[in-house]
Amino acid sequence: MGRQLFYNGRVYRDHRFETLCVLSENGVIIEIGEWISAPEAERIDLKGRRLVPGFLDIHTHGAAGVDVNSADPDGYEKISRFMASQGTTGWLGSVLTDTREQTLTCIEAYKQWKGMEHKGAAMMGIHLEGPFLSPEYKGAMPEHLLQSKNIPLIEEYQKAAQGEIRYITVSPEVDGMVEDIPKLKALGIQVAIGHSGADYDTARAAVANGAMASTHTGNAMKLLHQHFPAIWGAVLEDDRVYCEVICDGRHLHPGTVRLILKTKGLERVVAVTDSIMAAGLPDGEYRLGVNEVVVIDGDAKLKENGTRAGSTLTSGKALKNLIAFTGRPAEELIPLLTENPAKLLGMDGQRGFIRQGLFADFVVLDENDGVEETYVPVSYTHLRAHETLANL
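Residues numbered from 1 in each chain as written. Predicted model: local features only at pLDDT ≥ 70, side-chain atom pairs only at ≥ 80, totals over all residues. Heavy atoms only, no water.

Before going further, it helps to examine the sheet that holds strand S17 (residues 291–296). With antiparallel pairing, three strands are arranged side by side in an open sheet as S16-S17-S18. Strands at the two margins of the open sheet, each flanked by one partner only, are strand S16 (284–288) and strand S18 (299–302). The average undirected angle you get between the axes of adjacent strands in this sheet is 35°. Both S16 and S17 contribute to a ladder of five bridges, which runs antiparallel. Pairing of glutamate 285 across the sheet is with valine 294, part of S17. (Pairing = 2+ DSSP bridges. Helix = DSSP H or I, 4+ residues; strand = E, 2+ residues; numbered from the N terminus. Axes fitted to C-alpha atoms, helices over the stretch in contact; angles between N-to-C directions.)

Quick look at the structure:
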């Protein structure tokens with residue numbers, strides 16, 4: 001892989017852009033400075049553009065015609081290449097609630113993907129969305145596959161995944177779930193609460209026991225009432241909790257996005273896509289796990305009943321939407337797609353920042369805050385944002 005020297009650009013560091021050079025070796029940042037002499041390195045002229053950390057999407061069910069729940073290793077690689085073309089350099093495969101057998105099949109496909117040659121974003125592990133979720137707030141989850149607490153099942157999944165289930169969504173009102181959160185954490189899994197009608201006290205108890213995030217905040221959860229703040233009030237109030245937000249303009253009104261940011265602060269919000277296999281493709285009929293989905297005007301809904309079912313959003317578009325919704329500059333909002341998800345997953349020693357010793361995952365932004373190029377250090381692949389699916 002050798003050395004690469006990025007120069008003549010503005011580098012995002014400490015929440016501002018500075019005129020700096022970045023030198024990487026074998027996919028790892030080894031030096032940052034105003035001037036770096038590295039005559040043997042491949043020279044990459046940024047031409048005055050902005051270099052930012054690669055985006056991290058910790059909640060996505062697929063893209064480019066591939067559904068995470070039914071993907072084979074080649075399918076995961078196709079998602080990875082599409083993600084990289086959109087600025088995402090690391091992602092978790094979100095497994096929708098499914099049968100034990102199919103979930104284990106997803107885990108096996110992920111392990112096989114790890115052994116392949118890659119030319120796209122890194123699949124950083126697995127996110128389990130369920131199966132311990134409230135039937136009342138199931139959203140697109142198949143109700144017949146929801147379960148009460150079952151720690152031995154998660155232990156089986158984590159063993160099969162060789163410890164790489166990174167994240168799980170649970171409903172705190174499921175009987176015994178609050179008490180079992182420490183057991184999930186002991187397995188090395190970060191816990192989010194969501195798909196939930198939990199009351200305020202139950203949600204607070206879940207956070208006290210180690211839950212650190214809220215899944216697609218404001219969606220598939222009991223809403224805030226002045227007398228009954230419920231789960232939404234609890235996650236907004238608690239400074240320990242990271243709130244996932246889907247910034248497609250459909251899941252949350254722009255005013256709601258601004259309210260969440262004002263309440264939580266920029267350091268406790270994580271922008272996710274919750275994308276499905278239709279991301280990057282035209283309107284039509286698709287699948288999300290066991291569900292049939294119809295996409296009209298980019299809006300994904302269950303064919304059966306019209307319930308919203310994920311999105312067709314990309315991380316690059318999410319950044320542009322955040323800028324439009326809030327009027328804030330990119331440098332204030334970039335952490336929502338980079339350092340915040342890295343910190344939530346405990347991966348901030350590897351990704352999420354442009355720092356010495358971290359992976360050299362980079363996105364080049366154009367003058368309109370769009371993704372122009374992505375650099376991922378797997379054979380040091382360079383993808384342009386206009387790459388077509390046929391080329392991925």
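The rest of the description comes next.
A few words on the packing of aromatic side chains. The way to describe two aromatic rings as a pair is by their centre distance and the angle between their planes. Taken as a whole and assessed by the stated rule, the structure comprises five aromatic pairs. A ring pair is formed by tyrosine 110 and tryptophan 113, whose centres lie 6.3 Å apart and whose planes are at 15°; its orientation type is stacked. Here tyrosine 110 and its partner tryptophan 113 are both found in helix H2 (residues 100–114), three residues apart, which amounts to about one turn of the helix. With a relative accessible area of 4%, tryptophan 113 lands in the buried category. Among the aromatic side chains, those forming a connected cluster through ring pairs are Phe6, Phe362 and Tyr375. (Phe/Tyr/Trp six-rings, centres within 6.5 Å; stacked < 30°, edge-to-face > 60°. Buried < 20%, exposed > 50% of the residue type's maximum accessible area, 1.4 Å probe, protein only.)

Another aspect to go through is the nonpolar core. Ile58, Tyr76, Ile193 and Leu322 are the most contacted members of the largest nonpolar core, which totals 89 residues. Those residues in contact with leucine 322 that lie beyond four places of it in its chain are Cys247, Val257, Leu261, Ala271, Gly327, Leu333, Leu336 and Leu337. If you look at the next biggest cluster of nonpolar residues, it comprises 15 residues, including Met141, Val293, Val295 and Ala300. (Core = buried A, V, L, I, M, F, W, Y, C linked by side-chain atoms within 4.5 Å. Contact = heavy atoms within 4.5 Å.)

The next thing to look at is the side chain of asparagine 340. In this fold, asparagine 340 is placed in helix H10 (residues 339–344). On the basis of relative accessibility, which here comes to 1%, the residue asparagine 340 falls in the buried class. Separated by 2.8 Å, the side chain of asparagine 340 and the backbone oxygen of leucine 266 make a polar contact. Within polar-contact distance, the side chain of asparagine 340 engages the backbone oxygen of valine 269 at 2.8 Å. (Polar contact = N/O pair within 3.5 Å; in protein donor to acceptor, adjacent residues only side chain to side chain.)

Attention now goes to the sheet that holds strand S11 (residues 165–170). What holds strands together in a sheet is hydrogen bonding between their backbones, with the strands either parallel or antiparallel. With parallel pairing, the eight strands of this open sheet are ordered in space as S6-S9-S10-S11-S12-S13-S14-S15. The open sheet terminates on both sides in strands that have one partner only, identified here as strand S6 (55–60) and strand S15 (269–272). Summarising the sheet, strand S13 (residues 213–214) and strand S14 (residues 242–246) pair through two bridges and their orientation is parallel. Of the residues in S14, the one forming a bridge with alanine 213 is tyrosine 242. Of the strands in this sheet, S11 and strand S12 (190–193) touch helix H4 (residues 177–186), which is tilted by about 150° from S12.

As a further point, take unusual backbone geometry. Outside of glycine, negative phi angles account for most residues, and trans bonds account for most peptide bonds. In this structure, proline 131 follows glycine 130 across a cis peptide bond, with omega equal to 15°. By secondary structure assignment, the location of proline 131 is in the loop between strand S10 (122–129) and helix H3 (151–160). A positive phi is found at alanine 64, a non-glycine position, where the angle reads about 55°. As for its position among the elements, alanine 64 is in the loop between strand S7 (62–63) and strand S8 (66–67). For alanine 64, a relative accessible area of 2% corresponds to the buried category.

Positionally, leucine 252 belongs in the loop between S14 and helix H7 (254–264). Distance in space between the C-alpha atoms of leucine 252 and threonine 215 is 13 Å, their sequence separation being 37 residues. Leave out the neighbours within four places in its chain, and leucine 252 touches Thr217, Gly218, Asn219, Val245, Ile246, Val257 and Ile260.

What follows concerns the layout of surface pockets. There is about 210 Å³ of room inside the second largest pocket. Around the second largest pocket, the lining comprises 17 residues; the ones closest to its centre are His216, Ala220, Asp274, Arg308 and Gly310. Of the residues belonging to the lining of the second largest pocket, the class tally is six nonpolar, eight polar and three charged. (1 Å grid on protein atoms, 1.4 Å probe; cavity = no way out; pocket = protein on both sides within 12 Å on 5 of 7 lines; lining within 4 Å. Points joined across faces, edges and corners; volume = space filled by probe spheres on them. Nonpolar A, V, L, I, M, F, W, Y, C, P; charged D, E, K, R; others polar.)

As enumerated under the stated definition, the model contains 26 salt bridges in all. Taking the shortest distance from any N to any O, the salt bridge between glutamate 164 and lysine 114 comes out at 2.6 Å. Highlighted residues: glutamate 164 in the loop between H3 and S11 and lysine 114 in helix H2, separated in sequence by 50 residues. Exposure remark for glutamate 164: the relative accessible area of 14% places this residue in the buried category. The exposure class of lysine 114 is partly exposed, given its relative accessible area of 35%. Note that aspartate 180 and lysine 149 form a salt bridge whose closest N and O atoms lie 3.8 Å from each other. Of the two residues, aspartate 180 is situated in helix H4 and lysine 149 in the loop between S10 and H3; the sequence distance between them amounts to 31 residues. (Salt bridge = Lys/Arg side-chain N within 4 Å of Asp/Glu carboxyl O.)

Moving on, we get to the environment of glutamate 108. Residue position: glutamate 108 is located in helix H2. Each C-alpha atom of the pair glutamate 108 and aspartate 72 lies 8.9 Å from the other, and the pair is 36 residues apart in sequence.

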